[in-house]
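Here is what each chain is made of, one letter per residue.
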Amino acid sequence: MIPARASEAERMVRRGVDRFRRPPGPGWMLETAIRWLCFGAAAASILTTVGIVFVLVKEAFLFFRQVSPVEFFTGTRWAPLFQPRSFGVIPLIVGTLMITVGAGLIAIPLGTLVGLYLSEYASLRVRAVVKPALEILAGIPTVVYGYFGVFIVTPLLRVFFPQVEVFNAASGAIVVGIMILPLVSSLCEDALTAVPRSLREGAYALGATKFEVSWRTVFPAALSGIMASFVLALSRAIGETMAVTLAAGMSPKLTFNPAESIQTMTAYIVQISRGDTPAGTVEYQTIFAVGITLFAFTMVMNILAIRLVKRFRQVYS
Amino acid sequence: MSIERYRKRLTARGVKDLLFTNLCFVATLVGIFLLVVLLYSVFRDGRQRLSWEFLNSFPSRFPEKAGIKSALFGSLWVVVLTGAIAVPTGIAAAIYLEEFQRRRTWLTELIQVNISNLAGVPSIVYGLLGLAVFVRWMSLDRSVISGALTMALLILPMLITVSQEALKAVPDSYREGSLALGATQWQTIYRQVLPAALPGILTGVILSLSRALGETAPLILIGAVSFVRFVPENLGSSFTVLPIQIFNWTSQPQKGFQEAAAAGIIVLLVVLLSLNAAAIYLRHRASRHA
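A. Structural context of the environment of Leu19 of chain B. Within the secondary structure, Leu19 of chain B sits in helix 1 (residues 3-46). Spatially, the C-alpha atoms of Leu19 of chain B and Phe230 of chain B are 59 Å apart, while their sequence positions differ by 211 residues.

B. Looking closely at helix 6 (residues 144-168) of chain B. All names here are of chain B. In a regular helix each residue adds 1.5 Å, so 25 residues correspond to 36 Å; helix 6 covers 35 Å between its end C-alpha atoms and thus fits that length. Along helix 6, the sharpest kink reaches roughly 40°, centred on Ile155 and followed within four residues by the proline Pro157. Among the 25 residues in helix 6, 23 count as buried, and that is most of the element.

C. The arrangement of the domain arrangement of chain A in detail. Residue and element names in this part refer to chain A. You can read the domains of chain A as domain 1 (17-66) and domain 2 (78-315). The straight-line distance from the C-alpha centre of domain 1 to that of domain 2 is 34 Å. In this complex, domain 1 contributes seven residues to the contact, which on the side of domain 2 involves eight residues. The residue makeup of the side of domain 1 that touches domain 2, split by class, is five nonpolar, one polar and one charged.

D. Inspection of the domain arrangement of chain B at higher detail. All names here are of chain B. Split into domains, chain B comes out as domain 1 (3-48) and domain 2 (53-289). Measuring from the centre of the C-alpha atoms in domain 1 to the corresponding centre in domain 2 gives 36 Å. The interface of domain 1 with domain 2 comprises five residues on the first partner and six residues on the second. Tallied by class, residues from the side of domain 1 that touches domain 2 come to two nonpolar, two polar and one charged.

Cut-offs applied
- Along each chain, residues carry numbers from 1 onward, in the same order as the chain's sequence is written.
- As they are written, the chains are lettered A onward and the ligands numbered 1 onward, keeping that order.
- Given that the model is predicted, a residue must reach a pLDDT of at least 70 before its local features are reported, and side-chain atom pairs must reach 80 or more before they are shown or counted; all residues, however, enter totals for whole chains, interfaces and linings.
- We count a stretch as a helix when DSSP gives it H or I for four or more residues in a row; a strand needs E for two or more, and each element gets its number in order from the N terminus.
- Helices are assigned an expected span. That span is 1.5 Å times one less than the residue count.
- The bend at a residue is defined as the angle formed between two axes, one fitted to the seven residues ending at that residue and one fitted to the seven starting there.
- Any residue with 12 or fewer other C-beta atoms within 10 Å of its own C-beta is exposed, any with 20 or more is buried, and the rest are partly exposed; the C-beta atoms used are placed from the backbone.
- Domain extents, as shown, originate in an automatic or database domain assignment.
- Placing C-beta atoms from the backbone, we regard two residues as in contact once those atoms come within 7 Å.
- Under the convention adopted here, Pro, Cys and the residues Ala, Val, Leu, Ile, Met, Phe, Trp and Tyr are nonpolar, Asp, Glu, Lys and Arg are charged, and Gly plus all remaining residues are polar.

Following this line, the structure appears as structure tokens:
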């Protein structure tokens, strides 16, 4: 008797639970449909990546059937539009790296100091002014930085160094440096503020000055986060397009002189796209070959940055 | 160590401390100074050209007659369409990752890593994607819709990340309370979690749309032309946007076009700064209520 009753009760409970779990009818279907829609939206991001890689690889493959990769990656003359044609990407890479290094020389020291100032020194009132100002600087479109490079920075450079050309790598590097400055400073600040108070208090208790606390205790503690900010900013500089297209020029020559006009990978892609290049031609494929090179550069740097941030998080959480 | 030497070292350390404080301060001043110079020089160059005429005329070969009507309308079309595509998708993706699938699986982990990687892809690469997929493969041509689709892909990672942050900030007690009262999961999300996360999400939406408004490179690849003497009429129209117009005028040699470029930049910056101000206001209001 007793076991039968128990199983009856159990059955009833189970039926109740089932009904609760999976209410039949339109409500349940709506619920599932929405869930799948949301999943689709999230999966779309994977599709984007697959699309980017597929498109770049496909067109670059077509390109490398006509031009040998050896010529592409080791050639020092880039002249895809004029006879005799030549497809050596080195000048574009050197141009890009010149802009990146120059921008880094400006933004890294300056940005780190601003980050240190904001996290360790600034009063609340100063922060209330400086933070929005930096946010504005970060929100200015890159084409505006291009204008700034062409009409303000270059004329100023030419006052001091008359040999500087109308379009030159230096001015491109300077404006890109200004552009990535807020990125460095805000990421550095985040990394520095994440350092626990106890470290600072310990250092103060041992009699350290504020400089010693920030430079010898807090800064090294936040180092991997700070390095991540540098890497991210440099990767942004590599992919920067409009400012360098306007300020640094369109002449792909192999030079290390910042006073001369150069061309970056991004500027070349823009140059070709402004003309009407039909699909299937080698010119059309070059922009994908250059694009995949650019993509590889930034991808490596981003992965590095994500690793650094992860390491930093492991230490302080 | 004698007391003399100790005193000397103490002074030296004090001097270093003072120097470093000032160095940091000066670096910050330099940053602000650069912003002021940038804004001032653009304002000085473009002020005279700003007029109703300028806003309401089409581009022209003569600098003094050139205006930004087609660029303004083009930008409006692209931003509105981009928003219409990207905002629902971005929020839905964030809801999936934060609400429906809260337990981390390999799939969500993959999506998450993928989103942070996408955020670091240069905008011009999205342009290459749009050119190959939307313009050529789907033969949407050099149209407003191709531009908007490309821009939507570009801002999606940012939108998803910001919406996720906003959803994370909603306390679990809201969800538990709603579920305990018998609401289904979607009812909980739609009636409790989303309204609570709305200010944060809106801030993110505004910031991503202002990014779309200022982007140039992907649209140049899509083939937004710079000399457009008409306003887009439908999704298939060719178009130009404000940053491309500015880019084009900046690369012209005549002085008149430089002024036109500066005036265009003023218009663009005024729009962007108002959007930013709106975002800051929203964030402020949200933090007051929380």
